Amino acid sequence: MNRSAHFVARPAIALAIAMTLMTGVAGAQTKINPGWNMFSPQQDVEIGQQSAVQAEQQMPILQDRDVDAYINRIGQKLAANAGGPQFQYRFRVVNASDINAFALPGGYVYINRGILETARNEGEVAGVMAHEIAHVALRHGTHQASKAYAAQAGLQILGGLLGGKIGNNTAQILNTVGGIGLNALFLKFSRELETQADVRGAQILAASGYTPADMVSFFHQLESVDKSRKTSWTSDHPAPPDRIARIEKERQLLHEPATPTSNTTQLAQIKSELRGHGTAPTMAQIAQGVRSGGTASANNPPMTSSSSGSIGRVEAPSSSWRKFTSRTGAYQVAYPSNWRVYDSGGFGVTIAPEGGVGTANGREEIVYGLVVNHYNPFGNTAGTYLRDSRSGSITLQDATNDLLAQIRSSSPHLQVISGSGQQFKLDGKTAMAASLRGTNPNTRLAERVTVVTRALPDSHVIYMLFITPEQEASRYSNVLNTIVQSVNVDDTHGH
């Protein structure tokens, strides 16, 4: 255990680093980090189930046993190689002419009839489905919902302060960011997340007997399609820069053939079957005739949750100390004995004095306290999601920059203090620190947040946030130093 870490001014951490999407060694595939998520995989399933019910009330689902069997055969073949949580995938065809597809959390995948009518072979259908399965397996929908909620919830979310209450608060959280159903957070992704789905989709195709060239082939096919029929696709799937080139690069890493799959016989039969259902309406026509008040809006059924108390007075930190050990035994940290532990039930913890945590203007705030958690990418800086097998996960500096960006996103009043950055050893490993300050518009208090990050094995990162009012920062400096010096990380434990 290193006892020499103290917070003194050192050269500031570089907060804006150019990060690039890197390619792997020959024969290796790109490593994908799906990012921070405050929901559990089981909650993905529950959210998906509820959203699917609403979605299918608003969209015409094609009722055709042969078509269902066709897409289910392809989908289950791909889903067997999806990776990630073991979701039970379900595939349905929407009777809409638009060229589009989407997936809801937990394994609910929808393919518009327009996809089947446009694709030239089974491989192209599989390419679209693999992309959507990748969004599910990487949990992009609830990742975006987590980020959207964190932007409103403040620092308390970073330590898992909701803890075991999150199951009860799922409804409240989702209502805050748009509700269940066809929520844009589940349907429209950033270009970086689209790149993730392209790359992981290419890997799924390769593992399932298809080739990434099938995905490229479908994108080429889109170029020849009337613009009005693919408006939904381009809106919901914003093309990352050099999209086709990036998929091609992954194909080469996987040593997959450049020739697309040529199976057309069964798809031709399916197209003939579809013609028997008449002309499919557009999504715009469906919306006019089906929707009543819009989706993912205040018209969705309200869901309720409880609220917490308000912030009160805070006692001075006790001179006696206790030690918190995480449930996995991954780390220990000391804290004043008159502070309370808000155990998240997982890796993270928030420890604060009575009155240090409460509600101001409807938002839960930490005024005094400590947050400890395991870092997962928030995706606020470029390149924090994808890494090759040679470079492994992101660097400590990448993680620190991304974490600082997330803090500023959720608490834009905070600014990094010039000259506060430093690098030092913490329990034998490299650590970084930086401080932010600003006046919280909810509490109307000037506050100080000190961020400490420390490397874990396999390029993982543990972080700590120490929060106090700005006027108390110097008085609490000894408490902060004692806490930091007390940290003991068992690098043999899983994180």
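Details of the structure are given in the entry above.
Now for a look at the structure at hand. Just so it is clear, the model here is predicted, and its values are computed rather than measured.

**Focus on the overall build of the protein**
Okay, so step 1: From N to C terminus, the protein includes 15 helices and 18 strands.
Okay, so step 2: Residues classed as buried in the protein amount to 56% of the 495 residues present.
Okay, so step 3: In the protein, the proportion of contacts linking residues at least 24 apart, taken out of those at least 6 apart, comes to 73%.
Okay, so step 4: With the model as given, the accessible surface of the protein reaches about 19800 Å², and the carbon-plus-sulfur share is 48%.

**Considering the pattern of salt bridges**
Okay, so step 1: Overall, the coordinates contain 15 salt bridges when judged by the stated rule.
Okay, so step 2: Among the ionic pairs, Arg-92 bridges to Glu-56, the shortest N-O distance being 3.6 Å. Here Glu-56 lies in helix α1 (residues 41-58) and Arg-92 lies in strand β2 (residues 90-94), a separation of 36 residues in the sequence.
Okay, so step 3: Two residues, Arg-243 and Asp-198, come together in a salt bridge whose shortest N-O distance is 2.6 Å.

**Topic: the packing of aromatic side chains**
Okay, so step 1: In total, this model carries 6 aromatic pairs according to the counting rule given.
Okay, so step 2: Aromatic side chains Phe-87 and Tyr-89 sit 6.4 Å apart centroid to centroid with 75° between the ring planes, which places their arrangement in the edge-to-face category. Side by side, Phe-87 and Tyr-89 carry an identical accessibility label, which is buried.
Okay, so step 3: Centroid distance Trp-339 to Phe-466: 6.5 Å. Interplanar angle 20°. Geometry classified as stacked. Here the residue Trp-339 occupies a position in strand β7 (residues 339-343), and Phe-466 occupies one in strand β17 (residues 461-469), the gap between them amounting to 127 residues. Considered together, Trp-339 and Phe-466 belong to a single accessibility category, that of buried residues.

**Concerning the sheet that holds strand β4 (residues 108-112)**
Okay, so step 1: The 3 strands lie next to each other as β2-β4-β3, forming an open sheet whose pairing is mixed. Of all the strands in the sheet, the pair left with one neighbour each is β2 and β3 (101-104). Recorded for the sheet is a direction-independent mean angle of 20° between the axes of neighbouring strands.
Okay, so step 2: As judged from the 5 bridges shared by β2 and β4, these two strands associate in the parallel manner. Of the residues in β4, the one forming a bridge with Arg-90 is Tyr-108.

**Let's talk about the environment of Thr-30**
Okay, so step 1: If you trace the backbone, Thr-30 turns up in the segment before β1 (31-32).
Okay, so step 2: Sequence separation of Thr-30 and Leu-254 is 224 residues, and the distance between their C-alpha atoms is 9.3 Å.
Okay, so step 3: Within polar-contact distance, the side chain of Thr-30 engages the side chain of Arg-246 at 2.9 Å.

**Remarks on the nonpolar core**
Okay, so step 1: Counting 45 residues, the largest nonpolar core has Leu-78, Tyr-89 and Leu-116 as its most contacted members.
Okay, so step 2: When residues of this core are assigned to their parent elements, the largest contribution, 9 residues, is made by helix α4 (residues 122-137).
Okay, so step 3: Leave out the neighbours within four places in its chain, and Leu-116 touches Val-67, Tyr-70, Ile-71, Val-93, Val-125, Leu-267, Ile-270, Lys-271 and Leu-274.
Okay, so step 4: Judged by nonpolar contacts, the second largest core, of 29 residues, contains Ala-330, Ala-433, Val-479 and Val-487.

**Thoughts on the environment of Leu-222**
Okay, so step 1: On the secondary structure map, Leu-222 appears in helix α9 (residues 212-222).
Okay, so step 2: Leu-222 gets classed as buried once you look at its relative accessible area, which sits at 7%.

**With respect to the packing of helix α2 (residues 65-79) against α4**
Okay, so step 1: As a packed pair, α2 and α4 sit with axes 10 Å apart at the nearest point and diverge in direction by 55°. Compared by their axis directions, α2 and α4 come out oblique. Considering the relative orientation of α2 and α4, their crossing is right-handed. Between α2 and α4, the contacting residues are Tyr-70, Ile-71, Arg-73, Ile-74, Gly-75, Leu-78 and Ala-79 on the first element and Glu-122, Val-125, Ala-126, Met-129, Ala-130 and Ile-133 on the second.
Okay, so step 2: In terms of residue class, the contact of α2 with α4 is built from 10 nonpolar, 1 polar and 2 charged.

**Topic: the side chain of Arg-200**
Okay, so step 1: One can find Arg-200 in helix α8 (residues 191-207).
Okay, so step 2: Notably, Arg-200 is buried but unbridged: the nearest opposite-charge side chain belongs to Glu-250, and the N-O separation is 7.5 Å.
Okay, so step 3: Not counting residues within four places of it along the chain, the set of residues in contact with Arg-200 comprises Gln-29, Ile-32, Asn-81, Ala-82, Gly-83, Ala-134 and Leu-138.

**Quick look at the sheet that holds strand β18 (residues 488-489)**
Pairing between sheet strands relies on hydrogen bonds along the backbone, with the strands arranged either parallel or antiparallel.
Okay, so step 1: Read across the sheet, 3 strands follow the order β5-β6-β18 without closing on themselves; strand pairing throughout is antiparallel. Looking at the sheet topology across the chains shown, the edges are occupied by β5 (321-325) and β18.
Okay, so step 2: Helix-sheet contacts for helix α15 (residues 477-486) involve β5, β6 (331-336) and β18, and the interaxial angle to β6 is about 160°.

**Brief notes about helix α12 (residues 265-275)**
Okay, so step 1: Of all the positions in α12, only Leu-267, Ile-270 and Leu-274 are classed as buried. One side of α12 carries all its buried residues, which in axial view fall inside an arc of 55°. Of the exposed residues in α12, those oriented more than 90 degrees away from the buried face are Thr-265, Gln-269 and Arg-275.
Okay, so step 2: Residues of α12 that are buried make contact with α2, α3 (113-118) and α4.

**A word on the pairing of β17**
Okay, so step 1: In terms of residue burial, β17 counts as a mostly covered element, since 9 of its 9 residues are buried.
Okay, so step 2: Pairing geometry for strand β11 (residues 369-374) and β17, over 6 bridges, is antiparallel. In the sheet register, Gly-369 faces β17, and the bridge partner there is Ile-467.
Okay, so step 3: In the sheet, strand β16 (residues 446-455) pairs with β17 via 9 bridges, with the strands oriented antiparallel.

Scoring rules and cut-offs
- Residues numbered from 1 in each chain as written.
- Predicted model: local features only at pLDDT ≥ 70, side-chain atom pairs only at ≥ 80, totals over all residues.
- Heavy atoms only, no water.
- Helix = DSSP H or I, 4+ residues; strand = E, 2+ residues; numbered from the N terminus.
- Buried < 20%, exposed > 50% of the residue type's maximum accessible area, 1.4 Å probe, protein only.
- Contact = heavy atoms within 4.5 Å.
- Areas by Shrake-Rupley, 256 points an atom, 1.4 Å probe, with all protein chains shown as cover.
- Salt bridge = Lys/Arg side-chain N within 4 Å of Asp/Glu carboxyl O.
- Phe/Tyr/Trp six-rings, centres within 6.5 Å; stacked < 30°, edge-to-face > 60°.
- Pairing = 2+ DSSP bridges.
- Axes fitted to C-alpha atoms, helices over the stretch in contact; angles between N-to-C directions.
- Polar contact = N/O pair within 3.5 Å; in protein donor to acceptor, adjacent residues only side chain to side chain.
- Core = buried A, V, L, I, M, F, W, Y, C linked by side-chain atoms within 4.5 Å.
- Parallel < 35°, antiparallel > 145°, perpendicular 65-115°, else oblique.
- Left-handed = near helix turned anticlockwise from the far one by under 90°.
- Nonpolar A, V, L, I, M, F, W, Y, C, P; charged D, E, K, R; others polar.
- Lys, Arg positive; Asp, Glu negative; His and termini not counted.
- Arc of directions from axis to C-beta.

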